[in-house]
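# An overview of the molecular structure
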Amino acid sequence: MEIFYKESKRARNVRIKINFYGKVEVVYPAKFLLGGKKSAKKYAEKFVAQKMPWIEKQVAKISRKNINPVLKIDSREHFLIHKQQALDFVTERVEFWNQKYGFQYNEIRVKKLKSNWGTCSSKKVLTFNYKILFLAPHVADYIVVHEICHLREMNHSARFWALVEKEIPNARELQKNIGALD
Ligand SMILES: [Zn+2]
């Protein structure tokens, strides 16, 4: 957990602020009567260490609340909060499914795509919408397999679908329900 320390001339006590996105900021007085300026930050750090269990509890509460996709999904903040998590998730799923296909790819990326769940470029870069994180696991897996298969077939031909259906037999049915997918 990253904690931001801010010195304040007006603060009289150490204050821990946790904002809506779970960012933890610690404001501490520039001077303490005992010890002087040098020890002010150290004192604040000690105080934070004592309060850690409480801080962790509050942050966990906030991030649980922020999972709610209705709240502010598609905002830049929502994307930034979940970007790494989405990339880890999708990387794991690509590696899992590509054990079966064994295709070559150069990079996996996660973006805040406007109207697409995933794309596969001619440079063999797989890009996924970060919101794949919030889909049902079997739907997310279909999207991953779909893009992996584009590494071999850059089209939606019968050959492409046969490749997808090897692993996801109900792929076409899933496709009907999810909308745009390149
Ligand atoms: Zn496609």
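Here, every reference points to the structure presented above.
This text gives an overview of the structure that appears in the document. (Residues numbered from 1 in each chain as written. Predicted model: local features only at pLDDT ≥ 70, side-chain atom pairs only at ≥ 80, totals over all residues. Heavy atoms only, no water.)

Attention now moves to the coordination of the zinc ion. Bound to the zinc ion are the protein donor atoms His-146 (NE2), His-150 (NE2) and His-156 (NE2), situated 1.9 to 2.0 Å from the metal. Here the donor residues of the zinc ion are spaced in sequence according to H-x3-H-x5-H. A relative accessible area of 4% places His-150 in the buried class. Take His-156: its relative accessible area is 43%, and that puts it in the partly exposed class. (Donors = N, O, S within 2.8 Å, 3.2 Å for Na, K, Ca; no water. Buried < 20%, exposed > 50% of the residue type's maximum accessible area, 1.4 Å probe, protein only.)

In this section: the sheet that holds strand S2 (residues 15-18). Within a beta sheet, neighbouring strands are joined by backbone hydrogen bonds and run either parallel or antiparallel to one another. Spatially, S1-S3-S2 is the arrangement adopted by the three strands of the open sheet, whose pairing is mixed. Edge positions in the sheet fall to strand S1 (3-8) and S2, since each of these pairs with one other strand and no more. On average, each strand axis in the sheet is inclined to that of its neighbour by 25°, with strand direction left out of account. Pairing of S2 with strand S3 (residues 24-29), which is carried by four bridges, proceeds in the antiparallel orientation. Across the sheet, the residue bridging to Arg-15 is Val-27, located in S3. (Pairing = 2+ DSSP bridges. Helix = DSSP H or I, 4+ residues; strand = E, 2+ residues; numbered from the N terminus. Axes fitted to C-alpha atoms, helices over the stretch in contact; angles between N-to-C directions.)

Attention now goes to the side chain of Asn-98. Residue position: Asn-98 is located in helix H3 (residues 76-101). Judged by relative accessible area, Asn-98 falls into the buried class, the value being 10%. Sequence-distant contacts of Asn-98, defined by excluding residues within four places in its chain, comprise Phe-103, Tyr-105 and Ile-148. (Contact = heavy atoms within 4.5 Å.)

Scope: geometric values only; no functional claims are made or implied.
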